[in-house]
Amino acid sequence: MPIATNRTHATCSSHPSLSRRESSDARRLGFAGLAAVGVSFGFARYGYGLFLPDIRNDFDLPMSAVGLIGSATYAGYLGALVLVGVLAARVGPRALITVGGLSATLGMTLVASANAWPVLAAGLILAGTSPGWIWAPYSDAAERMVPPGRRERVLALIPSGTAFGVAAAGLLALALHGPSWTYAWLIFAAGALAATVYNLWVLPPGPATCRPRHLPRLSLGWFARGPAVPLYLTAWSYGVVGSVYWLFAVEAVTTAAPSGDHDRIAALFWTVMGTAGTAGIFAGAVFAKLGLRRAHLAIFGLLAVASALLGLAPSALPAVGLSAVLYGPSFMAVSALLAVWSYQVFPERPTIGFSASVSFLGIGTIAGPATAGALADHHSVGSALVAAAALSVATWLASPPRRTKRETPDPERAT
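Residues numbered from 1 in each chain as written. Predicted model: local features only at pLDDT ≥ 70, side-chain atom pairs only at ≥ 80, totals over all residues. Heavy atoms only, no water.

Q: Help me understand the overall build of the protein chain in this model?
A: Helix and strand counts for the protein chain come out as 19 helices and zero strands. Buried positions account for 59% of the 415 residues belonging to the protein chain. Only carbon and sulfur atoms are counted for the fraction: they give 67% of the accessible area of the protein chain, which is about 15,700 Å². (Helix = DSSP H or I, 4+ residues; strand = E, 2+ residues; numbered from the N terminus. Buried < 20%, exposed > 50% of the residue type's maximum accessible area, 1.4 Å probe, protein only. Areas by Shrake-Rupley, 256 points an atom, 1.4 Å probe, with all protein chains shown as cover.)

The structure is reproduced here in structure tokens:
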């Protein structure tokens, strides 16, 4: 059965062997996913935290308002996820990813041109919906374009695009900070448009033309199956911990910095974190070696250490550097873990199942910034980061179950 390409109507891959044409499709899909995730997460979502000191200076925002805007961006993300779950089977991944790319492009353009905080908030919220449109549909795209033997590796690779986006954003912030920060957002918008055009070329149009013969009916019971509960709890915790760190890390570092060159320090921190995060491209190999359970325990342990270091010692350069080096790859690895774990729990409807999983992540990202913003106003940014570290440790209780068989789901169930 032929594999879907950008020039043909999609069919479903059913044979685990990898031909030259199939290998090309897998590489193109991986690169397209890296690019789209890089601009939607690395720029559209996390750029707010990177440029937060400049944004606060220009718009005179208190920390409570910063947290509320952050939560609003994640609410938009959650809304996009819900729509993806409804529309995925009807329109296919290319249409959804295109909407996400255009949302990032327009939203970041609004941020760059904003002259009042309502326009700024509108742009940030619109850009913040982008990851919700983009991430989950790659589960269906991988099912259509990649043979079963390679799907989980591709799904583990795509989230690491965030790290490349973060590193690129940090380098831009080194050159464009202070009054010039808006130019960085215009470059972000141009990058989002380029990634959208490339995905339009790579991804097949429309929904898949073949489906499993016996698709289960969608019901509360289908979503609430037993193996999904620890997945949902992990996704929620990841949303809380990640949103707090991304939003307040730069604020913690710059507030405690002894010198006046806060913008350069923040940009260097961000670049180190993103560069270290590119190690996430090896997440698939790590999962194959350790299994999801041991990988889960290791990753959330590293997240706890990274958050605690920044919360307790934001003025100590070794602690700040180690926090960035640990946080980057561990955060990217959780994204990959959720994609692979969700595919195992919901192999018959990958995008819908993944949308449900990431919805819990979205709920966490809404709760995290608003709660942490209030905590930071009454205590300190450091206390919010320490609380995130404690939650990371508690997430060990929701690790994946031990498996006696190989981690990869049966290809026949997934096609």
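Q: Could you clarify how one ought to interpret a nonpolar patch on the surface in this entry?
A: Nonpolar side chains collect at one region of the surface, where Phe164, Ile281, Phe282, Val286 and Leu290 lie side by side and expose about 420 Å² of accessible area between them. You can see Phe282 is positioned in the loop between α13 (262-277) and α14 (283-290). (Patch = residues over 30% accessible without salt bridge, like charges linked within 9 Å, V, L, I, M, F, W, Y side chains within 5 Å. Salt bridge = Lys/Arg side-chain N within 4 Å of Asp/Glu carboxyl O.)

Q: What should I look at first to understand helix α9 (residues 161-175) in this one?
A: Along an α-helix, residues three or four apart share an orientation, since each turn contains 3.6 residues. Spanning 15 residues, α9 covers 22 Å between terminal C-alpha atoms, matching the ideal 21 Å at 1.5 Å per step. Most of α9 is tucked away: eleven of the 15 residues are buried. (Expected span 1.5 Å × (residues − 1).)

Q: Sorry, what's going on with the nonpolar core here?
A: For soluble globular proteins, nonpolar side chains are generally found buried alongside one another. Core analysis: the largest hydrophobic core is formed by 123 residues, its most contacted members being Met108 and Phe269. No other element matches helix α16 (residues 317-345), which puts 16 residues into this core. The residues touching Met108, leaving out its near neighbours within four places in the chain, are Val39, Phe43, Ala44, Ala127, Trp185, Phe188, Ala189 and Ala192. (Core = buried A, V, L, I, M, F, W, Y, C linked by side-chain atoms within 4.5 Å. Contact = heavy atoms within 4.5 Å.)

Q: When you look at the packing of helix α4 (residues 63-91) against helix α5 (residues 93-113) in this model, what are you seeing that I'm missing?
A: Helix-helix packing is characterised by the crossing angle of the two axes and by the distance between the axes. It is at 7 Å that the axes of α4 and α5 come closest, and there the two elements cross at 130°. Judged on the interaxial angle alone, α5 and α4 are oblique. Contacts between α4 and α5 involve Val84, Leu87, Ala88 and Val91 on the former and, on the latter, Pro93, Ala95 and Leu96. Of the residues belonging to the contact of α4 with α5, the class tally is seven nonpolar, no polar and no charged. (Axes fitted to C-alpha atoms, helices over the stretch in contact; angles between N-to-C directions. Parallel < 35°, antiparallel > 145°, perpendicular 65-115°, else oblique. Nonpolar A, V, L, I, M, F, W, Y, C, P; charged D, E, K, R; others polar.)

Q: Explain the side chain of Thr395 here, please?
A: Considering the arrangement of structural elements, one finds Thr395 in the loop between α18 (381-394) and α19 (411-414). Engagement of the side chain of Thr395 in a polar contact is seen with the side chain of Ser237, the distance being 2.5 Å. If sequence neighbours within four positions are ignored, Thr395 has contacts with Thr234, Ser237, His296 and Phe300. (Polar contact = N/O pair within 3.5 Å; in protein donor to acceptor, adjacent residues only side chain to side chain.)

Q: Quick question: what am I supposed to make of the packing of aromatic side chains here?
A: Any aromatic ring pair is given by two values, namely how distant the centres are and how the planes are angled relative to each other. Scanning the entire structure with this criterion turns up twelve aromatic pairs. Each ring, one from Phe31 and one from Tyr198, has its centre 5.4 Å from the other, and the planes form 85°; the classification is edge-to-face. Note that Phe31 is positioned in helix α1 (residues 20-45) and Tyr198 in helix α10 (residues 181-202), a separation of 167 residues in sequence. What makes Tyr198 partly exposed here is its relative accessible area of 24%. Ring geometry for Tyr232 versus Phe360: centroids 4.3 Å apart, planes at 10°, classification stacked. Of this pair, Tyr232 sits in helix α12 (residues 228-256) while Phe360 sits in helix α17 (residues 350-378), and the two are 128 residues apart along the sequence. Looking at Tyr232, the relative accessible area reads 9%, which means it is buried. Residue classification places Phe360 among the partly exposed positions, given a relative accessible area of 31%. Here the aromatic residues Phe43, Phe51, Trp181, Trp185 and Phe188 are joined through ring pairs into a cluster of three or more. The side chain of Arg45 reaches across the aromatic face of Tyr77, ending 4.0 Å from its centre. (Phe/Tyr/Trp six-rings, centres within 6.5 Å; stacked < 30°, edge-to-face > 60°. Lys NZ or Arg CZ within 6 Å of the ring centre and 35° of its normal.)

Q: How do you make sense of the packing of α5 against helix α6 (residues 117-134) when you look at a structure like this?
A: Where α5 meets α6, the closest approach of the two axes is 7 Å, and the angle between their N-to-C directions is 160°. Judged on the interaxial angle alone, α6 and α5 are roughly antiparallel. When the axes of α5 and α6 are compared, the crossing they make is left-handed. Judged by residue contacts, Leu96, Ile97, Val99, Gly100, Gly101, Ser103, Ala104, Leu106, Gly107, Met108, Leu110 and Val111 of α5 engage Val119, Leu120, Gly123, Leu124, Leu126, Ala127, Thr129, Ser130, Trp133 and Ile134 from α6. Along the lines of polarity and charge, the residues of the contact of α5 with α6 split into 15 nonpolar, seven polar and no charged. (Left-handed = near helix turned anticlockwise from the far one by under 90°.)

Q: I would appreciate a short explanation of α14 in the present structure.
A: Of all the positions in α14, only Ala283, Gly284 and Phe287 are classed as buried. Take α14 and look down its axis: the buried residues cluster within an arc of 100°, on one side only. Counted as exposed and oriented over 90 degrees from the buried face of α14: Ala288 and Lys289. Just downstream of α14, Gly291 is the residue with a positive phi angle, here 85°. (Arc of directions from axis to C-beta.)

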